[in-house]
Amino acid sequence: MVRALRRRVFSAAFLLLWLLLTQSLLPWAAEPSSESGDSLPLFREWQVWEVKSGKPIPFEQLAPDLAAVDVIYLGEEHHNRWHIEAALLVLRSLLDRGRRPILAVEMFGWDGQEALDRYLADPSEARDRFLRESLWEQNWGGAFEDYEPLVRLAREQRLAVLALNPPKSLVRKVAMQGLSRAKDDPEMARWGMKEEVLVEEPAYREIIVNQLRLCHGGMADDAYERMYEASVFRDEGMAKTIADRLKAAGAAQQTEPLGPIVSYTGSGHIQYRLPVPDRVSRRAESVRQVTIYLSSYDPSRAEEIRSLLKDSVADYVWLTPMSPHGPPRRCR
């Protein structure tokens, strides 16, 4: 698994639409095929591959199962609009089944939650003010339009949205000073992270450190260690956010059928369940979780898709068209 991941490092880990694909076009997605007459699978855009069976399945078959779990993890390639379309399809399918999903997104920090809540609740709240007060530029940056469809749907349907990330200022402190020094910062206590136990996972460490070395070569060992600690800090913070909301949602089930939580992050935060899902499992008992790895399909990189399936990168691998920006950049 680790060897395969080394070949497919995404620097961002650390660093017509789906609606046109009507049911009449879906039967091919459920039929295993072969390339050039051999036994290798034929991949196509918009297939959902079930990793356990090694076969593509129609989304209509997956949707009822998604409505029955507690957390759905969608791992994206950043700024790929087709991945946003996949997330919208998941959210709408949950609404169609009488669920009230809670959207959790990496693109907002905890220090922007109050502004996010206000924007969702008040139709008159100005977009510019929302972006300014939610600290969009400080915590994420880039074009908000890339992710706005998710927020727009939540606003229209009055869905809760969770800011998943610890404030970027704290993540930066860990990366610059190391975790032990950064924990002395008063802001750590303010955000409830001073006493948090950040679980050390050997497989996670090996993956992250190798990713950092491939994507950011030439640094000193202590710099890699601090960046690794910042990665653990972020993933544990995201897991804390999800686990805390699971507990709150459980307490509210008697009055409102909330959930599932739909977590939307970069794919690096869900692969092999190590970054966030396993940390949520340690915090929340008997949580039912599904991981979906969104991957743009480039026919010249079919072997990468085969490796994702073989190495069980997630419960499902969902192939989409490539971003207009081209295929994601790999670190070598």
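Predicted model only: the values in this text are computed from it and were never measured.

Draft legend 1. Quick look at the packing of helix 3 (residues 81-96) against helix 7 (residues 148-157). Between helix 3 and helix 7, the shortest axis-to-axis distance is 10 Å and the interhelical angle comes to 20°. Regarding the angle of helix 3 to helix 7, the classification is roughly parallel. You can see that helix 3 and helix 7 cross each other, and the crossing is right-handed. Between helix 3 and helix 7, the residues in contact are Ile84, Ala87, Leu88, Leu91, Arg92 and Leu95 and Pro149, Leu150, Leu153 and Gln157, respectively. Residues belonging to the contact of helix 3 with helix 7 are distributed by class as follows: eight nonpolar, one polar and one charged.

Draft legend 2. Structural context of the packing of aromatic side chains. In total, this model carries 15 aromatic pairs according to the counting rule given. Seen from their ring centres, Phe108 and Phe130 are 5.8 Å apart, and the 40° between their planes marks the pair as tilted. Note that Phe108 is positioned in strand 5 (residues 100-109) and Phe130 in helix 5 (residues 127-133), a separation of 22 residues in sequence. Classification of Phe108 by relative accessible area gives buried; the value is 3%. Where Tyr147 meets Tyr264, the ring centres are 6.5 Å apart and the plane angle is 70°; that geometry is what we call edge-to-face. Of this pair, Tyr147 sits in the loop between helix 6 (136-139) and helix 7 while Tyr264 sits in strand 7 (residues 258-266), and the two are 117 residues apart along the sequence. For the pair Tyr147 and Tyr264, one class covers both residues: buried.

Draft legend 3. Examining helix 2 (residues 59-66) more closely. Within helix 2, burial applies to Phe59, Leu62, Ala63 and Leu66. Seen end-on, helix 2 carries its buried residues on one side only, within an arc spanning 110°.

Draft legend 4. Spotlight on helix 8 (residues 168-177). Residues Leu170, Val171 and Val174 constitute the buried set of helix 8. Down the axis of helix 8, the sector holding all buried residues measures 100°, keeping them to one side. Of the residues one or two after helix 8, Gly178 is the one with positive phi, at around 90°.

Draft legend 5. Region of the structure containing the pairing of strand 7. Judged by how many residues are buried, strand 7 sits mostly within the fold: nine of nine residues are covered. The pairing of strand 4 (residues 71-76) with strand 7 spans six bridges and is classified as parallel. In the strand pairing of strand 7, Leu74 is matched with Tyr264.

What counts, and where the lines are drawn
- Residues numbered from 1 in each chain as written.
- Predicted model: local features only at pLDDT ≥ 70, side-chain atom pairs only at ≥ 80, totals over all residues.
- Heavy atoms only, no water.
- Axes fitted to C-alpha atoms, helices over the stretch in contact; angles between N-to-C directions.
- Helix = DSSP H or I, 4+ residues; strand = E, 2+ residues; numbered from the N terminus.
- Parallel < 35°, antiparallel > 145°, perpendicular 65-115°, else oblique.
- Left-handed = near helix turned anticlockwise from the far one by under 90°.
- Contact = heavy atoms within 4.5 Å.
- Nonpolar A, V, L, I, M, F, W, Y, C, P; charged D, E, K, R; others polar.
- Phe/Tyr/Trp six-rings, centres within 6.5 Å; stacked < 30°, edge-to-face > 60°.
- Buried < 20%, exposed > 50% of the residue type's maximum accessible area, 1.4 Å probe, protein only.
- Arc of directions from axis to C-beta.
- Pairing = 2+ DSSP bridges.

Honestly, it's all geometry; don't read function into it.
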